[in-house]
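# Breakdown of the fold
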Amino acid sequence: MSRRSRLLLGLGLVGLVLVAGPRTLAYAGAWPAYPLPPGYSVTSLYGPRIHPKTGLPSFHTGIDLGAAEGTPILSATGGRVSTVQVLHPMNGNAVFVVAPDGKRWCYLHMSRSDVKVGQTVSVGDQLGLVGRTGSATGPHLHLQVYDVDGDTIDPNTLYPAGL
């Protein structure tokens, strides 16, 4: 366990920390869990960018995490599955989870989803698999988070060490 993890545990800020390599896999406490196992890369950040398909300036409302097709996608928070989309033209196969704090966590471009609307999920539960469905240039997870007012927020700000 890293010095930082021991410090956080000592301060009572985290209930359980699982450490594997350079990334913490799951937090069962103050912060959300990482939605993918180690080995992914951030391929597009939240905010202004040049759209990879159109070549035009756009605002990216989530973070893209590149990973091998079929990589398990894990729930970053506990909550209730509010939406499961199948082959949506933009989102592809997607799962939306409403957390107890009211934030809506959206996991897009899955090759398949493993949950149903109304299902209760816990931190770390498998929601589906990384894919390239919908409007995607390659296999990745597009992670998007909405606040209680329905505005997107940068998912990176919700993680103490970033994604």
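Residues numbered from 1 in each chain as written. Predicted model: local features only at pLDDT ≥ 70, side-chain atom pairs only at ≥ 80, totals over all residues. Heavy atoms only, no water.

## Overview of the pairing of strand β9 (residues 92-98)
Among the seven residues in β9, six count as buried, and that is most of the element. Across six bridges, strand β8 (residues 79-88) lies against β9 in antiparallel orientation. Each residue of the ladder has a partner; that of Q85, found in β9, is A94. The loop that links β8 with its antiparallel partner β9 comprises three residues. (Buried < 20%, exposed > 50% of the residue type's maximum accessible area, 1.4 Å probe, protein only. Helix = DSSP H or I, 4+ residues; strand = E, 2+ residues; numbered from the N terminus. Pairing = 2+ DSSP bridges.)

## Here we look at the pattern of salt bridges
What the rule picks out here adds up to three salt bridges. Across the pair R49 and D64 runs a salt bridge whose closest N-O atoms are separated by 3.7 Å. Within this pair, whereas R49 is found in strand β4 (residues 47-50), its partner D64 is found in strand β6 (residues 63-66), the two being separated by 15 residues in sequence. Take R49 and D64: they sit in the same class, and that class is buried. With a closest N to O distance of 3.1 Å, K103 and D101 form a salt bridge. (Salt bridge = Lys/Arg side-chain N within 4 Å of Asp/Glu carboxyl O.)

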